[in-house]
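Listed below are the residues making up each chain.
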Amino acid sequence: MYQAPPFSLTLLHPRYWLLWLALGIAYLISWLPYRILMLLGRGLGRLSFKLLKSRGRIARRNLELCFPDMPDHERELLVQRNAEETGCAAMETLIGWWWPTWRIRRFAHFKGYEHIQAELAKGKGVLLLAPHMLHLEAAGRVFGLTHPSIGFYRPHNNALMEFFMYRGRSRGNKYMIGKRDVKALLRALNDGEVCFYLPDQDYGRNRAIFAPFFAVQETACTNGTLLFASAANCAVIPIYTSKLPNNQGYQIEALPALTDFPGKDEYAAICRVNQWVEQAILKHPEQYMWVHRRFKTRPDPDAPSLY
């Protein structure tokens, strides 16, 4: 288990004072009504895409690669909506980290929990597959209201941010595991825990299998999903997370466990995972993290970058 970072007096060093101030202001902002938070988030997102133009370029390029037949005006509209959702993600981080349970419960909706219960009743752990939707910080809290779980994450390099991030992400859930601690995640699954795993980013050439993802025929995909599914006594259950319209909050939908997974054909198993991720994205494409350089690793390391 990754140990929760303890508070130490070094976190009061002057080099952290501005960050303390920013976090204090963010905490006060988190108490604003949900509707106001989302309005602020959309404005922040539009501004960030104008000031940080690389974000817009990456999102636009990813959409060009994934949906080459999409008309230009539709793609541009999707980029603008994604910019707004990216800004809302900052507000949803405040919601996930700091909202009290009574408040977030009003915005929480869960479907399909019986699929998770069925696998736990068999004495199995559950490996939850979730795509990188922008609202995941809030969705993680929503999931914890029904079943406290374990997260697999990358610790922050800044000690003060790590102190707050660990506690924020584990609030309402059990604990977090550093992304390099594979053995700890396997132990948790074998102990019958429910563990989040996000398989849809480019983690580099190491342990990658190249498989189709939307229109890009050779996309670097981690084989971590296959490793955990085959090495632990667990079921693999995909989930959809959605931000609902009209400020209704967030919905988690658990699907039935994947059958005969991963099987003997690793390539086919990765394709199954990618097809599910595609389905999840197509439900709400504006809510996906398109600013990640998903196709930066190419099969030929000497090939020109797609970006």
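Residues numbered from 1 in each chain as written. Predicted model: local features only at pLDDT ≥ 70, side-chain atom pairs only at ≥ 80, totals over all residues. Heavy atoms only, no water.

Draft legend 1. Main features of the overall build of the protein. Check the secondary structure of the protein and you find eleven helices and nine strands. A globule of 307 residues ought to have a C-alpha radius of gyration of about 19 Å, and the protein, at 19 Å, matches this closely. With the principal axes as the frame, the protein shows a C-alpha extent of 55 × 50 × 40 Å. Buried positions account for 52% of the 307 residues belonging to the protein. Taking as baseline every contact in the protein between residues at least 6 positions apart, the subset at least 24 positions apart corresponds to 77%. Looking at the protein as shown, the accessible area adds up to about 14900 Å², and 56% of this sits on carbon and sulfur atoms. Of the charged side chains in the protein, 38 are positive and 26 negative, and the gap between their average positions amounts to 8 Å. (Helix = DSSP H or I, 4+ residues; strand = E, 2+ residues; numbered from the N terminus. Rg over C-alpha atoms; globule rule 2.2 N^0.38 Å. Buried < 20%, exposed > 50% of the residue type's maximum accessible area, 1.4 Å probe, protein only. Contact = heavy atoms within 4.5 Å. Areas by Shrake-Rupley, 256 points an atom, 1.4 Å probe, with all protein chains shown as cover. Lys, Arg positive; Asp, Glu negative; His and termini not counted. Charge placed at Lys NZ, Arg CZ, Asp CG, Glu CD.)

Draft legend 2. How the structure looks around the packing of helix α4 (residues 72-98) against helix α7 (residues 136-146). The N-to-C vectors of α4 and α7 enclose an angle of 25°; their axes lie 7 Å apart at closest approach. In terms of orientation, α4 and α7 fall into the roughly parallel class. Relative to α7, α4 is oriented so that their crossing is left-handed. Contacts from Glu92, Thr93, Ile95, Gly96 and Trp97 in α4 reach Glu137, Ala138 and Arg141 in α7. Residues of the contact of α4 with α7, tallied by class, amount to three nonpolar, two polar and three charged. (Axes fitted to C-alpha atoms, helices over the stretch in contact; angles between N-to-C directions. Parallel < 35°, antiparallel > 145°, perpendicular 65-115°, else oblique. Left-handed = near helix turned anticlockwise from the far one by under 90°. Nonpolar A, V, L, I, M, F, W, Y, C, P; charged D, E, K, R; others polar.)

Draft legend 3. Representation of the packing of helix α1 (residues 17-29) against helix α8 (residues 159-169) in the model. Relative orientation of the contacting elements α1 and α8 amounts to 30°, with a least axis distance of 10 Å. On the basis of their axis angle, the class for α1 and α8 is roughly parallel. Contacts between α1 and α8 pair Leu19, Trp20 and Leu23 from the former with Leu160, Met161 and Phe164 from the latter. Among the residues forming the contact of α1 with α8, the class breakdown is six nonpolar, no polar and no charged.

Draft legend 4. Examining the packing of aromatic side chains more closely. This structure, assessed with the given rule, holds 24 aromatic pairs. Centre to centre, the rings of tyrosine 27 and tryptophan 31 are 6.4 Å apart; their planes meet at 80°, and the pair counts as edge-to-face. Judged by its relative accessible area of 35%, tyrosine 27 is partly exposed. We note arginine 294 situated over the ring of phenylalanine 213; from NZ or CZ to the ring centre the distance is 5.4 Å. (Phe/Tyr/Trp six-rings, centres within 6.5 Å; stacked < 30°, edge-to-face > 60°. Lys NZ or Arg CZ within 6 Å of the ring centre and 35° of its normal.)

Draft legend 5. The arrangement of the pattern of salt bridges in detail. In total, this model carries ten salt bridges according to the counting rule given. A salt bridge links lysine 243 to glutamate 92, with the shortest nitrogen-to-oxygen separation between them at 3.3 Å. Note that lysine 243 is positioned in strand β8 (residues 234-244) and glutamate 92 in helix α4, a separation of 151 residues in sequence. Each member of the pair, lysine 243 as well as glutamate 92, carries the same accessibility label: buried. Residue lysine 174 pairs with glutamate 193 through a salt bridge whose shortest N-O separation is 2.8 Å. Taken together, the residues lysine 174 in the loop between α8 and β4 (175-178) and glutamate 193 in the loop between α9 (182-190) and β5 (194-197) connect sequence positions 19 residues apart. (Salt bridge = Lys/Arg side-chain N within 4 Å of Asp/Glu carboxyl O.)

Draft legend 6. Geometry of unusual backbone geometry. Here the bond from phenylalanine 261 into proline 262 is cis, since omega is 5°, no more than 30 degrees from zero. On the secondary structure map, proline 262 appears in the loop between β9 (249-254) and α11 (266-283). With phi around 55°, arginine 207 is a residue other than glycine that occupies positive phi space. Its relative accessible area of 53% is what places arginine 207 among the exposed residues. We note that asparagine 246 has phi near 60°; this positive angle belongs to a residue other than glycine. Inspection of the secondary structure puts asparagine 246 in the loop between β8 and β9.

Everything listed here is a matter of coordinates, which is why it stays silent on function.
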